[in-house]
Amino acid sequence: MSSNIRVQKICQYCNVEFTAKTTVTKYCSNNCGKNAWRKRKQKKKLNSINRKTKQALNPIKLDIKDKEFLTVNEVATLLNCTNRMIYNLINNNKIEAINLSKRMTRVKRSSIEKLFDCS
């Protein structure tokens, strides 16, 4: 079944008026559709890069300061070292940690404070 619907629309990419054969058509040509897709992908990639850059510039989040139990990544961020260093401290019993499962190690904030307690 074919329909005889003809709708006047404006292309969302090049802003040219065109006659659409369906009510959901957004672009006047295949090239405009491809260019719009390319632009969307590029924008998505730029947003991803910007988000990663913001995370790298602000590594310590406010919620880390309020937590009682921290992940290994959060402890490494607080102590400004690598995850491997934190695992070494845990294995050497310098920091107390709890394994909730195979990949869920949690560290109590008080054990980090004991690490720096000099009295």
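For the structure given in this document, a descriptive report is provided here.

So, how was this worked out
Within any chain, residue numbers begin from 1 and follow the written order of that chain's sequence. Confidence filtering applies because this is a predicted model: local features only for residues at pLDDT of at least 70, side-chain atom pairs given and counted only at 80 or more, and all residues used for totals across whole chains, interfaces and linings. Excluded from the side-chain calculation are hydrogens and water; included are all heavy atoms of the structure. For salt bridges, the criterion is a side-chain nitrogen of Lys or Arg within 4 Å of an Asp or Glu carboxyl oxygen. By definition, any uninterrupted DSSP run of H or I lasting at least four residues is a helix, any uninterrupted run of E lasting at least two residues is a strand, and each is numbered from the N terminus. Exposure is judged per residue with a 1.4 Å probe applied to protein chains only, and the accessible area is read against the type maximum: over 50% gives exposed, under 20% gives buried, and values in between give partly exposed. Strands qualify as paired when DSSP identifies two bridges or more between them. Here an angle of 0 to 180 degrees is reported between the N-to-C directions of two axes, which are lines fitted to C-alpha atoms, with helices fitted over the stretch in contact.

## What to know about the pattern of salt bridges
Side-chain pairing between opposite charges can occur once the charged atoms of the two side chains come close. Summed over all chains, the structure comprises 2 salt bridges. Residue K67 is joined to E74 by a salt bridge in which the shortest nitrogen-to-oxygen separation is 2.7 Å. When the shortest N-O distance is used, the salt bridge between K114 and E96 registers 4.0 Å. Placement of K114 in helix α5 (residues 109–115) and of E96 in the loop between α4 (83–91) and β4 (97–101) is noted, with a sequence separation of 18 residues between them. The same class applies to K114 as to E96, namely exposed.

## Focus: the sheet that holds β4
Overall, antiparallel pairing links the 3 strands, which are arranged β3-β5-β4 in an open sheet. The sheet is open, and its two borders are formed by β3 (69–71) and β4, each paired with just one other strand. This sheet shows a mean twist of 35° between the axes of neighbouring strands, independent of strand direction. Pairing analysis gives 3 bridges linking β3 to strand β5 (residues 104–108), with the strands arranged antiparallel. The residue of β5 that forms the bridge with F69 is K108.

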